[in-house]
Amino acid sequence: MARSLLPIVFFSALAFFSISSQMLLAIPREQALYFLHCAGCHGLKGEGIAGVSPQIAQTIDFFLLSPEGRKYVIQVPGVAFSSIPDDALAELLNWLILNFGQTKRKFQKYTTQEVAVARKEPLLDVDETRKRILQTLPDKITLIKSWQRYATFNTKSTK
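So, here's what we can say about the structure.

Basis of the calculations
- Residues numbered from 1 in each chain as written.
- Predicted model: local features only at pLDDT ≥ 70, side-chain atom pairs only at ≥ 80, totals over all residues.
- Heavy atoms only, no water.
- Helix = DSSP H or I, 4+ residues; strand = E, 2+ residues; numbered from the N terminus.
- Buried < 20%, exposed > 50% of the residue type's maximum accessible area, 1.4 Å probe, protein only.
- Polar contact = N/O pair within 3.5 Å; in protein donor to acceptor, adjacent residues only side chain to side chain.
- Axes fitted to C-alpha atoms, helices over the stretch in contact; angles between N-to-C directions.
- Parallel < 35°, antiparallel > 145°, perpendicular 65-115°, else oblique.
- Left-handed = near helix turned anticlockwise from the far one by under 90°.
- Contact = heavy atoms within 4.5 Å.
- Nonpolar A, V, L, I, M, F, W, Y, C, P; charged D, E, K, R; others polar.
- 1 Å grid on protein atoms, 1.4 Å probe; cavity = no way out; pocket = protein on both sides within 12 Å on 5 of 7 lines; lining within 4 Å.
- Points joined across faces, edges and corners; volume = space filled by probe spheres on them.
- Core = buried A, V, L, I, M, F, W, Y, C linked by side-chain atoms within 4.5 Å.
- Expected span 1.5 Å × (residues − 1).
- Salt bridge = Lys/Arg side-chain N within 4 Å of Asp/Glu carboxyl O.
- Arc of directions from axis to C-beta.

### Details of the side chain of Ser53
Piece 1. Note that Ser53 resides in the loop between helix H3 (39-42) and helix H4 (67-75).
Piece 2. Classification of Ser53 by relative accessible area gives buried; the value is 5%.
Piece 3. Within the structure, the side chain of Ser53 is placed 2.2 Å from the backbone oxygen of Cys41, a separation counted as a polar contact.

Shown next as structure tokens:
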């Protein structure tokens, strides 16, 4: 009986993987890269997962307001140690900002060279670096409300 089910299980699995790969081919390359490399921790819509990773939806573009914040986005371990090539990673980061950013302001796109240089210096203390950057950004109040579960802030100093 178990032996007779083996072909059914095999072909069902094959069909599933075939459909899944076809679905990935039907979406933009950057979105496929996000689903494969980022969504497991940051959620399908960038909403983050409490206790695992911060929300990037409606917050990622605020990091571009400072040079240190811009570099931070590349240097977090999940990005810096990613197996994605530098050129594709630059495209992915630009896609994230356009699709998950809160504002629709123009921004300087990440370049392959910028990604290649910054990811060679991954962050060792992500939380402390993030906290420092969030405290200095012009739109920090918006960020602090979105990121309170990931860092402790003195909200009195932001008013």
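### Observations regarding the packing of H4 against helix H8 (residues 126-136)
Piece 1. Following both chains from N to C, one finds H4 and H8 inclined at 150 degrees, their axes separated by 10 Å at the closest point. One finds that H4 runs roughly antiparallel with respect to H8. The interaxial crossing formed by H4 with H8 has left-handed handedness. Across from Glu68, Gly69 and Tyr72 in H4, the residues of H8 making contact are Val126, Thr129, Arg130, Arg132 and Ile133.
Piece 2. A per-class count over the contact of H4 with H8 returns 3 nonpolar, 2 polar and 3 charged.

### Quick word on the layout of surface pockets
Piece 1. By volume, the largest pocket is sized at about 650 Å³.
Piece 2. Contributing to the lining of the largest pocket are 31 residues, with His42, Ser53, Pro54, Val76 and Gly78 lying nearest its centre.
Piece 3. Counting only elements with at least two residues in the lining of the largest pocket, the list comes to helix H2 (29-37), H3, H4, helix H5 (77-80), helix H6 (86-100) and H8.
Piece 4. Taken together, the residues of the lining of the largest pocket sort by class into 21 nonpolar, 8 polar and 2 charged.

### Here's the deal with the nonpolar core
Piece 1. Membership of the largest hydrophobic core comes to 33 residues, with the highest contact counts inside it found for Tyr34, Tyr72, Leu92, Leu93, Leu96 and Tyr110.
Piece 2. Of all the secondary structure elements, the ones that give two or more residues to this core are H2, H4, H6, helix H7 (112-118) and H8.
Piece 3. The element best represented in this core is H6, accounting for 9 residues.
Piece 4. The residues touching Tyr34, leaving out its near neighbours within four places in the chain, are Ala39, His42, Gly43, Leu44, Gly46, Ile56, Leu92, Trp95, Leu96 and Phe100.

### Here's the deal with H6
Piece 1. Given a rise of 1.5 Å per residue, 15 residues ought to cover 21 Å, and the 20 Å separating the end C-alpha atoms of H6 matches this to within 8%.
Piece 2. Considered for burial, the residues of H6 that qualify are Ala88, Leu89, Ala90, Leu92, Leu93, Asn94, Trp95, Leu96, Ile97 and Phe100.
Piece 3. Where the residues of H6 are buried, they touch H2, H4, H5 and H7.

### Examining the pattern of salt bridges
Piece 1. For the structure on display, the rule yields 6 salt bridges.
Piece 2. Salt-bridge contacts for Arg132 lead to Glu68; the nearest nitrogen and oxygen are separated by 2.5 Å. Placement of Arg132 in helix H8 and of Glu68 in helix H4 is noted, with a sequence separation of 64 residues between them.
Piece 3. Under the relative-accessibility criterion, Arg132 is labelled partly exposed at 41%.
Piece 4. For the salt bridge of Arg130 with Asp127, the shortest nitrogen-to-oxygen distance reads 3.3 Å.

### Considerations on H8
Piece 1. What H8 keeps buried is the set Val126, Thr129, Arg130, Ile133 and Leu134. Seen from one end, H8 has its buried residues packed into an arc of 130 degrees, which puts them on one side.

### Some thoughts on unusual backbone geometry
Piece 1. Non-glycine residue Gln58 carries a positive phi angle of around 65 degrees.
Piece 2. Position of Gln58 relative to the elements: it lies in the loop between H3 and H4.

### A short note on the environment of Lys45
Piece 1. Along the chain, Lys45 falls in the loop between H3 and H4.
Piece 2. When the C-alpha positions of Lys45 and Tyr34 are compared, they lie 9.9 Å apart, and in sequence the two are 11 residues distant.
Piece 3. Among residues more than four places away in sequence, those in contact with Lys45 are Ala57 and Phe100.

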